[in-house]
Amino acid sequence: VAGTEFSSGEIMFNGYIPATDSAFQASCFNGQQPVSKNLLKILPGKSAHVHYVGLSDFKSYYNKMSGTFLNSGKNIRKRNVIEQVKANFKLDIEQKMLDWVGSEYALVITEPSGVGYENNCFAVIGTKNISGAKNALRAISRVVDKKSGSTTMEEVYNEYSIGLVRLNNVLPALFGDMYIKVPGMYYTAVGDYIVFSNK
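Nothing here was measured: the structure is a model prediction, and the numbers come from that model.

Trainee: Outline the overall build of the chain, supporting the account with residue identities and numerical values.
Mentor: Scanning the chain for helices and strands turns up five helices and nine strands. Shown N-terminal to C-terminal, the secondary structure of the chain runs as helices and strands in the order β-β-β-α-α-α-β-β-α-β-β-α-β-β. The C-alpha atoms of the chain give 18 Å as radius of gyration, which agrees with the globular expectation for 199 residues (16 Å, within 12%). Here the C-alpha coordinates of the chain stretch approximately 60 × 40 × 35 Å along the principal axes. Here the analysis covers contacts within the chain between residues at least 6 apart in sequence; of these, 62% occur between residues at least 24 apart. In the structure as shown, the chain presents an accessible area of about 11,800 Å², 52% of it carried by carbon and sulfur atoms. Separation between the mean location of the 21 positive side-chain charges and that of the 17 negative ones in the chain comes to 7 Å.

Shown next as structure tokens:
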């Protein structure tokens, strides 16, 4: 980094990133504008790790990530998950999941109580419209349940309604390998955010 400037609500870095495979992800942020980090306000105090992404245009970023950054192996794994859901449930999971995504998302890991931490990993996704997001997730859940002969009832815990989409590995397919520890899709709404967890 050649220089750093501080101003109200933002930090500007000037310089160059070496053109290595992992650095190409930075080019996916071209054209993005800063957003308010409201997602961070809902995280618990025992958050040990947060990988946060804030974007002014999620769809543009997602298209660049899918089209240029992902190597062929990752793209094949992603396409396999999406195509398997489409074949098994006649459901375009990519469109149904991404239509409601807003300008922020994060992987959050809270302090584990034991050796493993899979049950301390969460995907937190900002929404354009929280009721639209919940309706989309309920609709996905109903389609999956009907085809698989299951029945999923929402449960209420500490005044939060918890739902379940009986699919695995959708979040890593859509948001990247960082979310590999959140293969499950239990979900709840916290403010304008959907929080996914494994259980």
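Trainee: Could you give me a rundown of a nonpolar patch on the surface, with the residues and numbers involved?
Mentor: The grouping of F6, I11 and F13 at the surface amounts to a nonpolar patch, some 380 Å² of accessible area in total. Within the fold, F13 resides in strand β2 (residues 10-14). Look at F13 and you get exposed, because its relative accessible area is 53%.

Trainee: Hey, could you go over the sheet that holds strand β5 (residues 121-127) for me, with residue numbers and the actual values?
Mentor: Neighbouring strands of a sheet are bound in pairs by backbone hydrogen bonds; such pairs are parallel or else antiparallel. A sheet is described by the order of its strands in space; here seven strands give the open sequence β3-β4-β5-β9-β8-β7-β6, paired in antiparallel fashion. Among the strands making up the open sheet, the edge pair consists of β3 (47-54) and β6 (155-157). For this sheet, the mean inter-axis angle between neighbouring strands, taken without regard to orientation, is 25°. Where strand β7 (residues 160-164) meets strand β8 (residues 186-190), three bridges bridge the pair, whose relative direction is antiparallel. Bridge pairing in β8 places L164 opposite Y186.

Trainee: Please give an account of the pairing of strand β1 (residues 3-7) that cites residues and values.
Mentor: Relative to β2, β1 is paired through five bridges, and the arrangement is antiparallel. Within the sheet, the bridge partner assigned to E5 lies in β2 and is M12. Following β1, the chain reverses through two residues before pairing antiparallel with β2; G9 in that reversal takes a positive phi of roughly 80°.

Trainee: Tell me about helix α4 (residues 130-148), residues and numbers included.
Mentor: The end-to-end C-alpha distance of α4 is 27 Å, a good match for the 27 Å that 19 residues give at a rise of 1.5 Å each. A positive backbone phi angle near 70° is found at G149, which sits one or two residues after α4.

Trainee: Could you give me a rundown of the pattern of salt bridges, with the residues and numbers involved?
Mentor: Taken as a whole and assessed by the stated rule, the structure comprises six salt bridges. The residue D177 makes a salt bridge to R77 at a minimum N-O spacing of 3.2 Å. In this pair, D177 sits in the loop between α5 (170-175) and β8 while R77 sits in helix α2 (residues 72-89), placing the two residues 100 residues apart along the sequence. A relative accessible area of 37% places D177 in the partly exposed class. When its relative accessible area of 44% is taken as the criterion, R77 is described as partly exposed. One salt bridge connects E94 with R79, and the closest N-O pair in it is separated by 3.3 Å.

Trainee: How would you summarise the side chain of N120 if you had to cite specific residues and measurements?
Mentor: In this structure, N120 sits in the loop between β4 (101-110) and β5. Those residues in contact with N120 that lie beyond four places of it in its chain are V108, I109, T110, E111, P112 and S113.

Trainee: Go over the pairing of β7, please, and point to the residues and values.
Mentor: Bridging between β6 and β7 involves three bridges; their strand directions are antiparallel. Considered in β7, the bridge of E155 is made with I162. If you look at the hairpin formed by β6 and β7, you'll find two residues sitting between the two strands, and N158 has a positive phi there, around 50°.

Trainee: Now, about the side chain of E104: what can you tell me, with residues and values included?
Mentor: You can see E104 is positioned in strand β4. With no salt bridge to any partner, buried E104 finds its closest opposite charge in K37, at an N-O distance of 7.4 Å. At 2.6 Å, the side chain of E104 and the side chain of Y52 are in polar contact.

Conventions we followed
Residues numbered from 1 in each chain as written. Predicted model: local features only at pLDDT ≥ 70, side-chain atom pairs only at ≥ 80, totals over all residues. Heavy atoms only, no water. Helix = DSSP H or I, 4+ residues; strand = E, 2+ residues; numbered from the N terminus. Rg over C-alpha atoms; globule rule 2.2 N^0.38 Å. Contact = heavy atoms within 4.5 Å. Areas by Shrake-Rupley, 256 points an atom, 1.4 Å probe, with all protein chains shown as cover. Lys, Arg positive; Asp, Glu negative; His and termini not counted. Charge placed at Lys NZ, Arg CZ, Asp CG, Glu CD. Patch = residues over 30% accessible without salt bridge, like charges linked within 9 Å, V, L, I, M, F, W, Y side chains within 5 Å. Salt bridge = Lys/Arg side-chain N within 4 Å of Asp/Glu carboxyl O. Buried < 20%, exposed > 50% of the residue type's maximum accessible area, 1.4 Å probe, protein only. Pairing = 2+ DSSP bridges. Axes fitted to C-alpha atoms, helices over the stretch in contact; angles between N-to-C directions. Expected span 1.5 Å × (residues − 1). Polar contact = N/O pair within 3.5 Å; in protein donor to acceptor, adjacent residues only side chain to side chain.

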